[in-house]
Amino acid sequence: MLAVRYDLPRVAASVSKDDLLRRPPGMYRFRELTPLDAGEEPITLGEGGTPFLPLPRLGRHLGMRHLFAKDEGQNPTGSFKARGLGLALTKARTLGVKGLMIPSAGNAGGAAAVYGARGGIPVVVVVPRDTPQAAVAEAIIAGAHVFTVEGTIATAGRVIAGIAPTLGWFDLATLKEPYRLEGKKTMGLELAEQLDWQTPDVLMYPTGGGTGLVGIHKAYEELAAMGWIKASQPRFIAVQAEGCAPLVKAWEDKAETTTPWENPVTDAPGLRVPGPFAGRQMLKILRETGGHPQPVSEAAILEAQKLLGRVEGIWTGPEAAATLAALCLMKEAGEVDSGTRVVLVLTGAGIKNPPPPLPPPIHLEGDPDRVLATVRQAIAR
Ligand SMILES: *Cc1c(COP(=O)(O)O)cnc(C)c1O
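Residues numbered from 1 in each chain as written. Predicted model: local features only at pLDDT ≥ 70, side-chain atom pairs only at ≥ 80, totals over all residues. Heavy atoms only, no water.

**Student:** What exactly am I supposed to notice about the overall build of the protein chain here?
**Tutor:** Helix and strand counts for the protein chain come out as 14 helices and 10 strands. Compactness check: the protein chain gives a C-alpha radius of gyration of 21 Å against a globular reference of 21 Å for 381 residues, within 12% of the reference. Every one of the 381 residues in the protein chain was classed for burial, and the buried ones make up 56%. A separation threshold of at least 6 residues defines the contact pool for the protein chain, and within that pool the share at least 24 residues apart is 72%. Working note: accessible area of the protein chain is about 16,800 Å², and carbon and sulfur atoms make up 55% of it. (Helix = DSSP H or I, 4+ residues; strand = E, 2+ residues; numbered from the N terminus. Rg over C-alpha atoms; globule rule 2.2 N^0.38 Å. Buried < 20%, exposed > 50% of the residue type's maximum accessible area, 1.4 Å probe, protein only. Contact = heavy atoms within 4.5 Å. Areas by Shrake-Rupley, 256 points an atom, 1.4 Å probe, with all protein chains shown as cover.)

Encoded structure:
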């Protein structure tokens, strides 16, 4: 695998924290810590610069005083995939690709299609058949060629690996090139700035392929090497669905890397990655930071999704809700206490997924008295 390395002392000498404040918001504020060359214009729709939200009501509910969320659902395309694909497509355009092919559980394909349209690069997206409609529609609207396969993102990846070389199109699967990771890394750069150049005690991330978690860790490493933050990493918690938990299995087996999970089942598409590309790297980070993988049930994900909506007004996707489900378990187990500073990375917006089972709205009909009575009864509940 290729990774981007920077001359960090030189970066530290060429830009200051105050310089950042004078730049427009968004991930390219941290331009010196991205692989953009001098004068290279990014393909952008305004990604990054997402809100860092204190969650006081949820915190009170859980008995925690320092609970925060990074709301990546507010990116263009409704997930943090916009960061990685925006940067990957930018570099692909500079390097002169003919076209790009991407296997995806939904959001990555949608984002690749969108930035392909924005940058004038043809994109092929291959997704599992049961991918949420919004992500498929997003890719089609952006003019991508969209194909479905039976199976998971792993099947889609094999299909692309088999045909991309013949077509002469670039295979943009996770970690086939180093730039997507650099885009995702900007979540960590922003988190550091938004937490006043400190790291939290615990960072909860819902992991699929794993580059989001690895990217945030890389951000903290680079900022520490620049002397912008202390060299203490948070405890990283990789949240997985019980029905697709290759990291949990590897952790229990004390293995160095993951083995593919058979029959992955979860309604959180971003977590349905049976063989994480960054499995080995994630396990290393979890070990080194005193973290661990945390499995959660489908029922707990749904509960958490509703709880976050009800007490903080954030309709987040099932992957992101899994971080809260995991936090609830860790709180019960005494792994975090009321003073622990915890960041939940809310990777994607709820609206990109089919809604969870909900009570239907009450239909109003009849004369004004009847309408009044119906409403009065409903709000009294
Ligand atoms: C892709 C995705 C994930 C998983 O992120 P990785 O960086 O692949 O581990 C989690 N949540 C959402 C909403 C995603 O789209």
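So much for the structure itself; the text now carries on.
**Student:** Would you mind showing me how to read the sheet that holds strand β2 (residues 66–71) here?
**Tutor:** Sheet strands associate in pairs through backbone hydrogen bonding, adopting either a parallel or an antiparallel arrangement. Taken together, the 6 strands give an open sheet; going across it, the order is β1-β2-β10-β7-β8-β9, and neighbouring strands pair in mixed fashion. Edge positions in the sheet fall to β1 (52–54) and β9 (292–296), since each of these pairs with one other strand and no more. Recorded for the sheet is a direction-independent mean angle of 25° between the axes of neighbouring strands. With 6 bridges connecting them, β2 and strand β10 (residues 341–346) associate as parallel partners. (Pairing = 2+ DSSP bridges. Axes fitted to C-alpha atoms, helices over the stretch in contact; angles between N-to-C directions.)

**Student:** What's the story with the pairing of strand β5 (residues 145–149) in this structure? I'm lost.
**Tutor:** In regular strands, side chains alternate between the two faces of the sheet. Examined bridge by bridge, strand β4 (residues 123–128) and β5 share 5 bridges and lie parallel to one another. Residue pairing in the sheet places Val 127 in a bridge with Thr 148 of β5. Regarding topology, helix α6 (residues 133–141) serves as the crossover connection from β4 to the parallel β5, and that connection is right-handed. (Right-handed = clockwise from strand over helix to strand, strands pointing away.)

**Student:** Would you explain the site of the ligand in this entry?
**Tutor:** Lining the immediate surroundings of the ligand are 16 residues, of which Lys 81, Gly 208, Gly 210, Gly 212 and Thr 347 lie closest. Take Gly 210: an N or O atom from its main chain is 2.7 Å from an oxygen atom of the ligand. One of the side-chain nitrogen or oxygen atoms of Thr 347 is found 2.7 Å away from a nitrogen atom of the ligand. Expressed as a share of its isolated accessible area of 380 Å², the protein-covered part of the ligand is 95%. The set of elements that each furnish at least two residues to the shell around the ligand consists of β7 (202–206) and α9 (211–225). A class-by-class count of the residues in the shell around the ligand yields 3 nonpolar, 10 polar and 3 charged. (Near = heavy atom within 4 Å. Polar contact = N/O pair within 3.5 Å; in protein donor to acceptor, adjacent residues only side chain to side chain. Nonpolar A, V, L, I, M, F, W, Y, C, P; charged D, E, K, R; others polar.)

**Student:** Sorry if this is basic, but what is going on with unusual backbone geometry here?
**Tutor:** A negative phi angle is the norm for most residues apart from glycine, just as the trans form is the norm for most peptide bonds. With phi around 55°, Asp 196 is a residue other than glycine that occupies positive phi space. Asp 196 sits in the exposed class, given a relative accessible area of 56%. Of note, the phi angle at Lys 254 is positive, near 50°, even though the residue is not glycine. If you trace the backbone, Lys 254 turns up in the loop between α10 (246–252) and α11 (279–289). Judged by relative accessible area, which is 75%, Lys 254 ranks as exposed.

**Student:** Please clarify how the packing of helix α8 (residues 179–194) against α9 should be interpreted in this entry.
**Tutor:** Relative placement of two packed helices is described by the angle separating their axes and the distance separating the axes. At a minimum axis distance of 7 Å, the contact between α8 and α9 shows a crossing angle of 55°. By the angle between their axes, α8 is oblique relative to α9. Considering only the axes of α8 and α9, their crossing is right-handed. In this structure, α8 contributes Leu 181, Glu 182, Lys 184, Lys 185, Met 187, Gly 188, Leu 189, Leu 191 and Ala 192 to the contact, and α9 contributes Thr 211, Gly 212, Val 214, Gly 215, Ile 216, Lys 218, Ala 219, Tyr 220, Glu 222 and Leu 223. Looking at side-chain class alone, the contact of α8 with α9 contains 10 nonpolar, 4 polar and 5 charged residues. (Parallel < 35°, antiparallel > 145°, perpendicular 65-115°, else oblique. Left-handed = near helix turned anticlockwise from the far one by under 90°.)

**Student:** Is there a simple way to explain the side chain of Thr 152 in this structure?
**Tutor:** Within the secondary structure layout, Thr 152 lies in the loop between β5 and α7 (153–167). For Thr 152, a relative accessible area of 9% translates into the label buried. Setting aside residues up to four positions removed in sequence, Thr 152 forms contacts with Pro 128, Pro 264, Arg 272 and Pro 274.

**Student:** So what exactly am I meant to see when it comes to the packing of aromatic side chains here?
**Tutor:** The geometry of two aromatic rings is summed up by the distance between their centres and the angle between their planes. For the structure on display, the rule yields 3 aromatic pairs. Arranged with centres 5.1 Å apart and planes meeting at 10°, the rings of Phe 52 and Phe 68 form a pair that is stacked. Linking Phe 52 in strand β1 with Phe 68 in strand β2, this pair joins segments that are 16 residues apart in sequence. Neither residue differs from the other here; Phe 52 and Phe 68 are each classed as buried. Ring geometry for Trp 197 versus Trp 228: centroids 5.2 Å apart, planes at 85°, classification edge-to-face. In this pair, Trp 197 is assigned in the loop between α8 and β7 and Trp 228 in the loop between α9 and β8 (235–241), connecting sequence segments 31 residues apart. For Trp 228, a relative accessible area of 11% puts it in the buried group. Lying over the aromatic face of Tyr 179, Lys 91 brings its terminal NZ or CZ to 5.6 Å of the ring centre. (Phe/Tyr/Trp six-rings, centres within 6.5 Å; stacked < 30°, edge-to-face > 60°. Lys NZ or Arg CZ within 6 Å of the ring centre and 35° of its normal.)

**Student:** Is there a simple way to think about the sheet that holds strand β6 (residues 170–171) in this case?
**Tutor:** Pairing is parallel in the open sheet, where 4 strands are placed in the order β5-β4-β3-β6. Lying at the two open borders of the sheet, with one neighbouring strand each, are β5 and β6.

**Student:** I keep staring at the pairing of β2 and nothing clicks. Help me out?
**Tutor:** A large share of β2 lies buried, amounting to 5 of its 6 residues. Across 3 bridges, the pairing between β1 and β2 is antiparallel. Counterpart to Leu 53 in the pairing with β2 is Ala 69.

**Student:** Explain the environment of Pro 122 here, please?
**Tutor:** Mapped onto the secondary structure, Pro 122 falls in the loop between α5 (107–119) and β4. As for Pro 122 and His 145, which are separated by 23 residues in sequence, their C-alpha atoms are 8.2 Å apart. When sequence neighbours within four positions are dropped, the list of residues in contact with Pro 122 reads Lys 98, Gly 99, Leu 100 and Trp 169.

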